[in-house]
Amino acid sequence: MSGTAHSLTEFNTLGLMQGCQQLQRLNSTESIIEFCRVYDSQSQPLLVLGGGSNLVLTDDLEGTVIKIESKGICLSEDNEYHYLSVAAGEDWSRFVASMVNQGINGLENLALIPGTVGAAPIQNIGAYGVEFEKVCDWVEFYHLQHKTVTRLTAAECQFGYRDSIFKNALKNQTVILRVGFKLTKHWQPVVNYGPLSDFNVKTITANDIFKRVCEIRQSKLPDPKVIGNVGSFFKNPVVSTECHQNLLKRYPDMVAYLVDNGVKLAAGWLIDQAGLKGYKQGNVGVHDKQALVLVNHGGATGTEIVNLASYVTATVLDKFGVELEVEPRFIGKHGEIEFHG
Ligand code: EPU
């Protein structure tokens, strides 16, 4: 950190040693609205921070960081559904565990994902066969330029694979305040993902899935409290069926899934097959149990992570002719920047 007033090292799960000029921790929806109301969005960069679990800080931010720490879960129900209204600063993982414990089902596949509830809609978090959009009812946010509080229905959020309106038309214009969930009381387990498929669907409970997902995540994904990371660093790339057929000739055991717009390849498999699993470069590296995850072995800077990401992208492109896209957001000196491998 050079010449900035506040360290952000403990606020980004990669543990990168960057800072910012001002840091405000906002612990209620009212205080977030009050901050946004008077904030001049033209004056200097603003970074809205939830759990910091999907961010790569490539530099010190010459601007303000607001850390969203609002809390509160309101429950209501009718004959068909549980409705939850959850403050943006609630910890996602704790929220999911608490719902499963109370017998409110539907979130169990999304257990143990780091980050906050308010960050979940931005990239439409997903795991083990369920994406956030499946459980989302609405998202409420403050619009920084219009100075209004607005609620979008799940359909209006334009969710896609690790994508939403908050990464596109509304990029960097909103601060998410609350998220609404709608969970059916006629629960159906989602167990189509490989390691969940041996369950007996007649007797299975949401808690069984929750426990299994926690076990899988703990065995494969590094705990950010122990080793800095942002989960998947790359998205699973979608290629044309023609491209997939050509690759299959060279790599018959390639992992792939049919999707609407082509064939989705496993980026982890590509990186692994490119010989980079466990690869180290200075203070950073590719995780040795899941090649989709880049890690900070201690004391890394944003530049080291960027260089490693570029190296991984170039190596995969060279070997397979497939371009990887990064999953986390990159934040530079003046705010969000694009990553160009
Ligand atoms: N694979 C390898 N080597 C590796 C990693 C994966 O060969 O080093 C193979 C696996 O054997 C498997 C395939 O690649 O056949 C897919 O791997 P996995 O099931 O672990 O899932 P993923 O595609 O690597 C995605 C999400 C994860 C999510 C899991 C489970 C993305 C970018 N990632 O990973 O999300 O937990 O599926 O649903 O879609 C995250 O976004 O941060 C995240 C962890």
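Because the structure is predicted, anything quoted here is derived from the model rather than measured.

What follows deals with the pattern of salt bridges. Tallied over the entire structure, the rule returns 13 salt bridges. We note a salt bridge from Lys235 to Glu325, for which the minimum N-O separation is 3.2 Å. Pair noted here: Lys235 is in the loop between strand 13 (228–232) and strand 14 (238–239) and Glu325 is in the loop between helix 6 (302–320) and strand 20 (329–332), with a separation of 90 residues, a long-range link. Judged by its relative accessible area of 13%, Lys235 is buried. In this structure, a network of salt bridges that share partners links the residues Lys171, Arg329, Glu336 and Glu338.

On inspection of all chains with the given rule, the structure shows 0 disulfides. Lacking any disulfide linkage, Cys74 is separated from the closest cysteine sulfur, that of Cys136, by 16 Å.

Let us look at the site of the ligand. Near the ligand lie 25 residues; those nearest to it are Tyr128, Tyr161, Arg162, Tyr193 and Asp272. Between an oxygen atom of the ligand and a main-chain N or O atom of Ser232, the distance comes to 2.8 Å. Asn236 is positioned with one of its side-chain polar atoms (N or O) 2.8 Å from an oxygen atom of the ligand. Of all elements in the fold, only strand 8 (126–127), helix 3 (206–220), strand 13 and helix 5 (267–273) reach the threshold of two or more residues within the shell around the ligand. In terms of residue count, the dominant contributor to the shell around the ligand is helix 5 (3 residues). The residues that make up the shell around the ligand include at least three from each of domain 2 (73–220) and domain 3 (234–325).

What follows is about the pairing of strand 7 (residues 81–87). Of all 7 residues that make up strand 7, 5 are buried, and the element is covered over most of its length. Pairing of strand 6 (residues 73–77) with strand 7, which is carried by 5 bridges, proceeds in the antiparallel orientation. Residue pairing for strand 7: Ile73 is matched across the bridge by Val86.

Mapped onto the fold, Ser197 is located in the loop between strand 12 (174–184) and helix 3. One polar contact links the side chain of Ser197 to the main-chain carbonyl oxygen of Gly194, over a distance of 2.6 Å.

By the assigned domains, the chain splits into domain 1 (6–68), domain 2 (73–220) and domain 3 (234–325). Between the C-alpha centres of domain 1 and domain 2 there is a distance of 23 Å. On the side of domain 2, 15 residues touch domain 1, which itself brings 16 residues to the contact. Summing both sides of the interface, domain 1 and domain 2 together bury roughly 1,200 Å²; the carbon and sulfur share of this comes to 66%. Ranking the residues of domain 1 by area buried against domain 2 places Thr29, Cys36 and Ile68 at the top, with a combined share of 32%. Inspection of the domain 1/domain 2 interface yields 0 salt bridges. Our count for the contact surface shared by domain 1 and domain 2 stands at 4 residue pairs in polar contact (both at pLDDT 80 or more). Those elements that place two or more of their residues in the side of domain 1 that touches domain 2 are helix 1 (29–38), strand 3 (46–49) and strand 5 (61–68). Ranked by the residues each element gives to the side of domain 1 that touches domain 2, the list is headed by helix 1, at 6 residues.

With respect to the helices, strands and loops of the structure, Lys134 is situated in the loop between strand 9 (130–131) and strand 10 (136–143). Taking relative accessible area as the criterion, Lys134 reaches 55% and is therefore assigned exposed. Separated by 100 residues in the primary sequence, Lys134 and Glu34 place their C-alpha atoms 31 Å from one another.

Let's shift gears to helix 1. Within the sequence span of helix 1, burial applies to Thr29, Ile32, Phe35 and Cys36. The buried side chains of helix 1 occupy one side of the element, clustering within an arc of 125° when seen end-on. More than 90 degrees from the buried face of helix 1, the exposed residues found are Glu30 and Val38. Where helix 1 is buried, its residues meet strand 2 (19–26), strand 3, strand 5, strand 10 and strand 12.

Reading across the sheet, the 5 strands line up as 6-7-12-10-11 and stay open at both edges, with antiparallel pairing between neighbours. Single-partner strands in this sheet number two, and they are strand 6 and strand 11 (148–153). Going across the sheet, the axis of each strand differs from the next one's by a mean of 15°, ignoring polarity. Relative to strand 12, strand 10 is paired through 7 bridges, and the arrangement is antiparallel. Within the sheet, the bridge partner assigned to His143 lies in strand 12 and is Thr174. Relative to strand 12, helix 1 is tilted by about 145°, and along the sheet it contacts strand 10, strand 11 and strand 12.

In space, the 3 strands of this open sheet follow the order 4-20-21, with mixed pairing throughout. What marks the edges here is a single partner per strand, and that holds for strand 4 (55–57) and strand 21 (335–337). Between one strand axis and the next, the sheet turns by 40° as a mean value, whatever way the strands run. The sheet contact formed by strand 20 and strand 21 spans 3 bridges and is antiparallel. What sits directly across from Gly332, in strand 21, is Gly335.

What counts, and where the lines are drawn
- Going along each chain's sequence as written, the residues are numbered from 1 onward.
- With pLDDT at 70 or above as the cut-off, local features in this predicted model cover only qualifying residues; side-chain atom pairs require 80 or more to be listed or tallied, and sums for whole chains, interfaces and linings still use all residues.
- Hydrogen atoms and water are omitted, and side-chain values are computed over all heavy atoms in the structure.
- Just to be clear on terms, a salt bridge is a Lys or Arg side-chain nitrogen sitting within 4 Å of an Asp or Glu carboxyl oxygen.
- Helix numbers and strand numbers start at the N terminus; a helix is a DSSP run of H or I with at least 4 residues, a strand a run of E with at least 2.
- Each residue gets one of three labels from its accessible area relative to the maximum for its type: buried under 20%, exposed over 50%, partly exposed in between, using a 1.4 Å probe on protein chains only.
- Here, two cysteine sulfur atoms that lie within 2.5 Å of each other are counted as a disulfide.
- Here a residue counts as near a molecule or strand whenever at least one of its heavy atoms sits within 4 Å of it.
- In the analysis that follows, any N or O atom pair within 3.5 Å is treated as a polar contact, provided that within protein one partner can donate a hydrogen and the other can accept it, and provided that, for residues neighboring in sequence, both atoms belong to side chains.
- Where each domain begins and ends is defined by an automated method or by a domain database.
- Pairing between two strands is assigned when DSSP locates at least 2 bridges connecting them.
- The contact rule is simple, with two residues in contact once any of their heavy atoms fall within 4.5 Å.
- A quick way to say it: buried area is the sum, across both parts, of accessible area lost when two parts are put together, with a 1.4 Å probe.
- Here the arc refers to the directions that run from the helix axis out to each C-beta atom.
- Only the stretch in contact is used when a helix axis is fitted, and all axes are lines through C-alpha atoms; the angle between N-to-C directions ranges over 0 to 180 degrees.

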